Amino acid sequence: MDKKRIIEWLKTEDQSALDDLWRQADKTRQQEAGDEVHLRGLIEFSNYCRRKCGYCGLRADNQSLNRYRMSQDEILQCVEQAVKFGYGTVVLQSGEDFGFSTEWLEQIIKEIKKRTDLAVTLSVGERSMEELSRWKEAGADRYLLRFETSNPRLYRRIHPPLPGEQSDRISLLRRLRELGYEIGSGVMIGIPGQTYGDLAEDILTFQSLSLDMIGVGPFIPHDSTPLMKDFEMSQGSPEQVPNTEAMTYKTIALTRLHCPRANIPSTTALATLNKAQGRELGLERGANVVMPNLTPPEYRAMYEIYPAKACIAETAEQCHSCMKNRIRAMGRTIGKGRGDSPAFLHGSGKEQP
Ligand code: 5AD
Ligand code: FES
């Protein structure tokens, strides 16, 4: 699809055309990724962050947040739960926390690999090549790093570089791939100042990077961040992408059509907009992955990237049975094994021109 056509889809409100889009995306998902829904156990192990992203509640200068970093033992207990629940993957996620050492995370990865058959996904921000290759050698399989927006000017505005450093997540993703990681990325939908053209370009960028995993979710403004004000001011401008459920489904469906073999989660941010049905509708419109939260309840509320996050008051057991029931009720099956992306297994991992 060319950019113009993608923009038309993003703008359309024609319900029968949209029903067609959902059907196409669902069919492509079924043919290329199958009926299995893969479960990734999410462990939000630290909310320390050295960055000042304009959108994120974990930003360094948000002083209204209590900070935590789980111990190795606490993390490994969550890993045990992942095994008990039959998950194929654990995702170790944190803010850009420079308060733990390379070795500390390396030991955790090695221990998980020694004790289990789980795939290990890291999502710990922009790190040095040295660290990324050490963690790969320790056994990490995948890396998640959203590029947030493909518009470089918008990116710099919402994600200011640290003094003396440059932030180029797209080039970092390429280097992660060269290290042998399965790579995942994604964007937020409805960032203040994001146009339909920007979002269409995001989808084309997913395709040209041949991503293995693509997570998209609505931007949800957070009171303790600078983008709250920008958000209020941006509303009503005709080229502004709305941060709605409908726009998220359109993006998921178009992403599936452009990246048929990628793993695409139905995200927590989407479930936050529609707690009753959001996850299911994502899974019916192109997604094939969900990420049940394994973070212990005492830490969950402190991982407040955005307000009113779904599952904030639930335990790992509750999220597990909730997800399982939802997937079964839809007539889909729960994925067995690691659930590597069909794109990665087919060795596509090559960029498209
Ligand atoms: N609303 C929605 N998503 C957000 N993220 C960060 N802040 C917000 C927000 N306010 C997303 C970013 C980040 C991921 C971990 O969470 O895309 O990469
Ligand atoms: Fe957490 Fe439903 S997945 S409560």
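Everything here concerns the structure above.
Peer 1: Which residues make up the pairing of strand β3 (residues 119–123), and what values do they have?
Peer 2: Most of β3 sits inside the fold, with 5 of its 5 residues counted as buried. Because side chains alternate across β3, one face comprises the buried residues A119, T121 and S123, and the other comprises V120 and L122, equally buried. With 5 bridges connecting them, strand β2 (residues 89–94) and β3 associate as parallel partners. Looking across to β3, one finds that V91 is bridged to T121. Taking the sense of rotation as the criterion, the β-α-β connection linking β2, helix α4 (residues 102–115) and β3 turns out right-handed. Bridge count for β3 against strand β4 (residues 142–144) is 2 bridges, and the pairing is parallel. By the bridge assignment, L122 is partnered in β4 with Y143. Handedness of the crossover joining β3 and β4 through helix α5 (residues 129–138): right-handed.

Peer 1: Any chance you could break down the side chain of T116 for me, citing the residues and the numbers?
Peer 2: Checked against the element boundaries, T116 lands in the loop between α4 and β3. T116 gets classed as buried once you look at its relative accessible area, which sits at 14%. In terms of polar contacts, T116 uses its side chain to reach the backbone carbonyl oxygen of I112, at 2.8 Å. From its side chain, T116 meets the backbone nitrogen of L118 in a polar contact 3.1 Å long. Residue contacts for T116: discarding those within four places in its chain leaves V79 and V83.

Peer 1: Any details on the packing of aromatic side chains? Residues and values, ideally.
Peer 2: Describing an aromatic ring pair means giving the distance of the ring centres and the angle of the ring planes. Under the counting rule described, the total for this entry stands at 10 aromatic pairs. Ring centres of Y68 and Y299 lie 4.6 Å apart, and the angle between their planes is 15 degrees; on these two criteria the pair is classed as stacked. With Y68 in the loop between β1 (36–46) and α3 (72–85) and Y299 in helix α13 (residues 297–300), this residue pair connects regions lying 231 residues apart in the sequence. By relative accessible area, Y68 is classed as buried at 4%. A relative accessible area of 13% means that Y299 is categorised as buried. Members of the aromatic cluster, connected to one another through ring pairs, are F45, F100, W104 and W135.

Peer 1: If you had to explain the site of ligand 1 to someone new, which residues and values would you point to?
Peer 2: Surrounding ligand 1, one finds Y55, C56, R146, E148, M188, P218, F219, I220, I305 and Y306. At 2.9 Å, a backbone N or O of Y55 approaches a nitrogen atom of ligand 1. Note that an oxygen atom of ligand 1 is positioned 2.6 Å from one of the side-chain N or O atoms of E148. The protein chains hide 87% of the 400 Å² of surface that ligand 1 would expose on its own.

Rules of the game
- Residues numbered from 1 in each chain as written.
- Chains lettered and ligands numbered in written order.
- Predicted model: local features only at pLDDT ≥ 70, side-chain atom pairs only at ≥ 80, totals over all residues.
- Heavy atoms only, no water.
- Buried < 20%, exposed > 50% of the residue type's maximum accessible area, 1.4 Å probe, protein only.
- Helix = DSSP H or I, 4+ residues; strand = E, 2+ residues; numbered from the N terminus.
- Pairing = 2+ DSSP bridges.
- Right-handed = clockwise from strand over helix to strand, strands pointing away.
- Polar contact = N/O pair within 3.5 Å; in protein donor to acceptor, adjacent residues only side chain to side chain.
- Contact = heavy atoms within 4.5 Å.
- Phe/Tyr/Trp six-rings, centres within 6.5 Å; stacked < 30°, edge-to-face > 60°.
- Near = heavy atom within 4 Å.
- Areas by Shrake-Rupley, 256 points an atom, 1.4 Å probe, with all protein chains shown as cover.

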